[in-house]
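Structural characterization, general
Residue strings, one per chain:
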Amino acid sequence: MPSERPDLIILGGGLAGGLIALVLAARRPDLSLTIIEAGDTLGGNHVWSFFDSDVAAADRALVEPLIVHRWPSYDVRFPGHSRTIGEPYNAIESEHFDRVVRSALPADAIVHAIVAEATSTSVTLADGRTLTTKAVIDTRGAGDLTTLRCGWQKFLGQTLQLAAPHGLTRPVVMDAKVDQSEGYRFVYLLPFGPTEIFVEDTYYSDTPDLDVETLKLRIADYSAAPAWTVASTSRTETGVLPVVIGGDFDAYWPAADKVARGGVRAGLFQPLTSYSLPDAVRFASWLATLPDLSGPTLAHATRDYARRQWRRNAYYRMLGMLLFRAADPPKRYRILERFYRLSPALIGRFYAGRSTLVDKLRVLSGRPPVPLGRAVKALVERK
Ligand SMILES: Cc1cc2nc3c(=O)[nH]c(=O)nc-3n(C[C@H](O)[C@H](O)[C@H](O)COP(=O)(O)OP(=O)(O)OC[C@H]3O[C@@H](n4cnc5c(N)ncnc54)[C@H](O)[C@@H]3O)c2cc1C
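The structure contained in this document is the topic of the report that follows. It should be emphasised that the depicted structure is a prediction, and the values quoted were computed from it without experimental measurement.

1. Re the sheet that holds strand β10 (residues 122-125)
- The strand order β9-β10-β11 describes an open sheet built from 3 strands, whose pairing is antiparallel. A single partner strand is all that each edge strand has here, and the edge strands are β9 (115-118) and β11 (130-132). Geometrically, the sheet is characterised by an average inter-axis angle of 25° between neighbouring strands, direction not taken into account.

Here it is as C-alpha cells:
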C-alpha cells in the first residue's frame, strides 16, 4: 500500500488508466500516482491495434514503447473488391503493456485490489480500506451501457502456432468474404511471425451474446481452408463491445457523479468501431496539460471534455444507426465494402474519429448502399 496521500488515484489499470499513468510519469514526474487494479496484471488479456494515423505525431513517443509488432500496410477483402492500404498498423499486447507501465512507476504505485466506491478525493476498497488522495479518476471500463442504444461488435480471437508458414506478410483488417447471413461478419488476421497468426472472428450483431464454442469452430474452419495445420493455440481473447447508435450522454455520465472519468467509462471511444485507443492517447496527453488536477476540478474538466467528444461523435452514431436499422443483416457488409473504396487518408481520419466535414459528406454521397426509405425512418427515430 502506498504510504502517502498521492496526487492522483487511477481506478482501473486497463488501457486508459495505464496510458494516463505513462503520460503523467513522463510529462509530470512531480506528481505521485497510484493505480488500483482488480486483475493480476495491468491491461487484462488483449491485443490492441491501431493505425499510425490514430495517434498525433506529438504523442507518438508515448505509444512507441508499447508496440510489439508493426506492419507497413494492411489488406481488406470484400466480395466485390480487395485492397492493400499503405497505412502502417501496430499491435500492443497486454502482457507487454503491463511490463512497460510497471517499469514507469514506483513498485508501490500499483495496488492489487477491488474498488467498491469513490468520491473525487477518496476511494473505498472492497476489503473496507479507505484511501485519501488529491484526486481520483475512474477508468474502470464501460459504465452503464443500458443508458445507451447499442448494437454490438463481438468477437473471439486466437493466436495460432502453425506447423508451416502461412505466407501472409501484412494484417488483413477485414476479410468479409465469409458467410454474411448473421449480420456484418469479418475475420481479422495479424501475422505475428511466419508460423504465428492471430485470427479473430468478428460480428456486428443486434445481440451481445457470444457463442464461444461456435466461434472457435469457425476459426478452425477458416484456418482449414488455406490448409493451415494448427500446432497449438497460445492466446484466446473475447470481446463484446458496444456500437453506440444513440442515447444520452447525461444518462451515461450523470452530472451528479462528481468523480473524474477516462477511457470507455467516460464514453471516449469511436462509436462505430468501439475502439478507444486513439481517444485514450489524446485524453491522457490532454490531461497532462491541465494546470489544476485537484479532484473536483478534474471531475468537471473531464466531464466537459467527454461531453464535447460525445457531441462530435454524433455522425458516427448516425452511421451506426444506418448500419443496424436500415440494412438487412446479410447486406450490412455492403456499407463497409463501399467505405473501403474511399481514400486511405479519409479512412484513417474515420478510424481516428477525426473525420472532416468533407469526409462526412463523401462517405454519404453517391448511391446509398441501404434502402433510402429505411434510412430516413432510422434517422427520424434516432435520438
Ligand atoms: C479483446 C478486446 C480487444 C480490443 N481491441 C481493441 C483494439 O485493437 N483497438 C482499440 O482501440 N480498442 C480495442 N478494444 C476496445 C477498447 O479499446 C478496449 O476495451 C480498452 O481496453 C478499453 O479501455 P479502458 O481502459 O476504458 O477499459 P479496460 O481496458 O477494460 O480497463 C478497465 C480496467 O479496470 C479494472 N477494473 C474494473 N472494475 C474494477 C474495480 N471495481 N476495481 C479495480 N479495478 C477494476 C479492470 O480489471 C480493467 O483492467 C478491444 C476490446 C477488447 C475487449
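2. Some remarks on helix α1 (residues 15-27)
- Its 13 residues give α1 an end-to-end C-alpha distance of 18 Å, which sits within 8% of 18 Å, the value for a rise of 1.5 Å per residue.
- Summarising burial for α1: 10 of the 13 residues are buried, a large majority.
- Listed in full, the buried residues belonging to α1 are L15, A16, G17, G18, L19, I20, A21, L22, V23 and L24.

3. Considering the environment of T147
- Note on placement: T147 falls in the loop between β12 (136-138) and β13 (148-162).
- For T147, a relative accessible area of 23% corresponds to the partly exposed category.
- Taking the C-alpha atoms as reference points, T147 and R70, separated by 77 residues in sequence, lie 37 Å from one another.
- When residues no more than four places from it in sequence are discounted, the contact partners of T147 are G247, D248, A251 and Y252.
- Separated by 2.6 Å, the side chain of T147 and the backbone oxygen of D144 make a polar contact.

4. Focus: the sheet that holds strand β17 (residues 230-247)
- The strand order across the open sheet formed by 7 strands is β6-β5-β14-β15-β16-β13-β17, and the pairing between neighbours is mixed. One side of each edge strand has no neighbouring strand; the edge strands of this open sheet are β6 (82-85) and β17. The sheet shows a mean angle of 15° between the axes of neighbouring strands, taken without regard to direction.
- Judged from the 3 bridges that link them, strand β5 (residues 74-77) and strand β14 (residues 172-175) form a sheet pairing that is parallel.

What counts and what doesn't
Residues numbered from 1 in each chain as written. Predicted model: local features only at pLDDT ≥ 70, side-chain atom pairs only at ≥ 80, totals over all residues. Heavy atoms only, no water. Pairing = 2+ DSSP bridges. Helix = DSSP H or I, 4+ residues; strand = E, 2+ residues; numbered from the N terminus. Axes fitted to C-alpha atoms, helices over the stretch in contact; angles between N-to-C directions. Expected span 1.5 Å × (residues − 1). Buried < 20%, exposed > 50% of the residue type's maximum accessible area, 1.4 Å probe, protein only. Contact = heavy atoms within 4.5 Å. Polar contact = N/O pair within 3.5 Å; in protein donor to acceptor, adjacent residues only side chain to side chain.

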